[in-house]
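Coordinates in review
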Amino acid sequence: MKIVTIIGARPQFIKAAPVSRAIAEHNSLTEVIIHTGQHFDADMSDVFFKELNIPKPDYNLGINSASHGVMTGRMLKKIEEILIKENPDYVLVYGDTNSTLAGALAAVKLHIPIAHVEAGLRSFNRKMPEEHNRVLTDHCADILFCPTEAAVNNLKNEGFTNIVTNPSPLIHNPYSLPLVVNVGDTMYDAVLQFSEIAQRRSIIIEDLKIKPKEYLLATVHRPYNTDIPENMKSILDAFLEIDEPIIFPVHPRTKQCLINSKLSIQNSKLRCIPPVGYLDMLMLEQNAKAILTDSGGMQKEAYWFGVPCVTLREETEWVETVEAGWNVVVGADRAKIVDAVNSIKLTCPTTGIIWRWTGGAEDA
Ligand code: UDP
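Residues numbered from 1 in each chain as written. Predicted model: local features only at pLDDT ≥ 70, side-chain atom pairs only at ≥ 80, totals over all residues. Heavy atoms only, no water.

**Brief notes about the side chain of Ser295**
- Inspection of the secondary structure puts Ser295 in the loop between β12 (290–293) and α13 (296–304).
- Residue Ser295 is classed as buried on the basis of its relative accessible area, which comes to 10%.
- Within the local environment of Ser295, its side chain forms a polar contact with the backbone nitrogen of Gly297, the two atoms lying 3.3 Å apart.
- Among the polar contacts listed, one links the side chain of Ser295 to the backbone nitrogen of Met298, at a separation of 3.0 Å.
- Excluding anything up to four places from it in sequence, Ser295 contacts Thr219, His221 and Arg222. (Helix = DSSP H or I, 4+ residues; strand = E, 2+ residues; numbered from the N terminus. Buried < 20%, exposed > 50% of the residue type's maximum accessible area, 1.4 Å probe, protein only. Polar contact = N/O pair within 3.5 Å; in protein donor to acceptor, adjacent residues only side chain to side chain. Contact = heavy atoms within 4.5 Å.)

**Considerations on the pairing of strand β8 (residues 179–182)**
- Examined bridge by bridge, strand β6 (residues 143–146) and β8 share 4 bridges and lie parallel to one another. Bridged to Ile143 within β8 is Leu179.
- Examined bridge by bridge, strand β7 (residues 163–164) and β8 share 2 bridges and lie parallel to one another. Each residue of the ladder has a partner; that of Val164, found in β8, is Val181. (Pairing = 2+ DSSP bridges.)

**Points about the nonpolar core**
- Counting 56 residues, the largest nonpolar core has Leu217, Tyr278 and Leu284 as its most contacted members.
- Looking at which element gives the most residues to this core, the answer is helix α7 (residues 186–201), with 7 residues.
- The contact partners of Leu217, leaving out residues within four places of it in the chain, are Ile247, Pro249, Met281, Leu284, Glu285, Ala288, Ala290, Ile291, Leu292 and Met298.
- If you look at the next biggest cluster of nonpolar residues, it comprises 32 residues, including Val4, Leu83, Ala104 and Phe160. (Core = buried A, V, L, I, M, F, W, Y, C linked by side-chain atoms within 4.5 Å.)

**A word on the site of the ligand**
- Surveying the vicinity of the ligand reveals 19 residues, the closest of which are Arg222, Val276, Ser295, Gly297 and Glu301.
- The separation between an oxygen atom of the ligand and a polar side-chain atom of His221 is 3.3 Å.
- Here a nitrogen atom of the ligand sits 2.7 Å away from a polar atom, N or O, in the main chain of Val276.
- Surface burial for the ligand is 97%, taken as the share of its 530 Å² of free accessible area covered by protein chains.
- Contributions of two or more residues to the shell around the ligand are made by α1 (10–24), α12 (278–287) and α13.
- At 4 residues, α13 tops the list of elements feeding residues into the shell around the ligand.
- Here the residues of the shell around the ligand sort into 10 nonpolar, 5 polar and 4 charged. (Near = heavy atom within 4 Å. Areas by Shrake-Rupley, 256 points an atom, 1.4 Å probe, with all protein chains shown as cover. Nonpolar A, V, L, I, M, F, W, Y, C, P; charged D, E, K, R; others polar.)

**Considering the state of the cysteines**
- Per the stated rule, a full pass over the model turns up 0 disulfides.
- Of the cysteine sulfurs around Cys257, a residue in no disulfide, the closest is that of Cys272, at 12 Å. (Disulfide = S-S within 2.5 Å.)

Below, the structure is given as structure tokens:
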């Protein structure tokens, strides 16, 4: 069986790494990787291929830095050409980016079965590009690999009825009802596979001269925050007001927003650094006192590491983390962010994990 994997953005490299490894271990499976080029900087792409041992992409489309429609359209055209040439048995797409949607559209129009990893997530906010990307991809897919029961339930509510507990997708007839299966989270597989390697190899805590549990870790990159100057300003005001060291790896989109808006980030406690590799990020997360983020992946990683999380969005797809009391969703409101950080000091435990997703998603 030939599988074409389509990836293009940082979180997709992490989601795909354990699955590519599992595919490579299967004699009967061949993987062809298309990198759309959506993320292209060395610290947003190359470092992940290197650290996570992902095979070099067979195709790199180099498509980025354009509007959503242009980017998705260009990808669709190129991916279609490659799919016609490669004629795979399955197309594998991950998550919720323009690369995911372009891959799914190209495949469904060629009648090539699609498997969607991280299916069924919903924020119920259709203004988010991630939301319409994932809804449309789910409705093109033949196998929907869900990471949680909440995701399965979302799909049930959208009319998916073929929900199974035993994942045997390889015998699934792609022209029958789409198959929905909860396989767990491949990002959790990645955490399990790479945490110990990170402990051995990463020296970021020493490099930054920070002490475990004596700093906050922050990331911001969602368009809802970076493209709305008031939101970005409000978040930065909160960071400046919080009286704790904050390590802030700055995403390229956020860097551009800061340059364009000339927002001040002068403060000895707020340390802006370039985006870090996955191994360094695992160390920064585990050792943080709390994580402030609008990232989907980092909300989960905070939870898996037992670190309190303050989510800088109005909603989350990862409702389990909130229900467990580990994550508080505050949006971009300055006062709410500061309050949330202050109450974390008083109420949230900083160690111990109360519930986990099961590892093993990559085997399914
Ligand atoms: N990440 C990283 N370096 C960084 C920021 C994030 O390795 O400087 C990792 C993080 O640990 C998580 C993933 O990237 O595994 C999350 O990606 P991102 O926040 O870009 O996207 P989202 O999860 O919001 O889709």
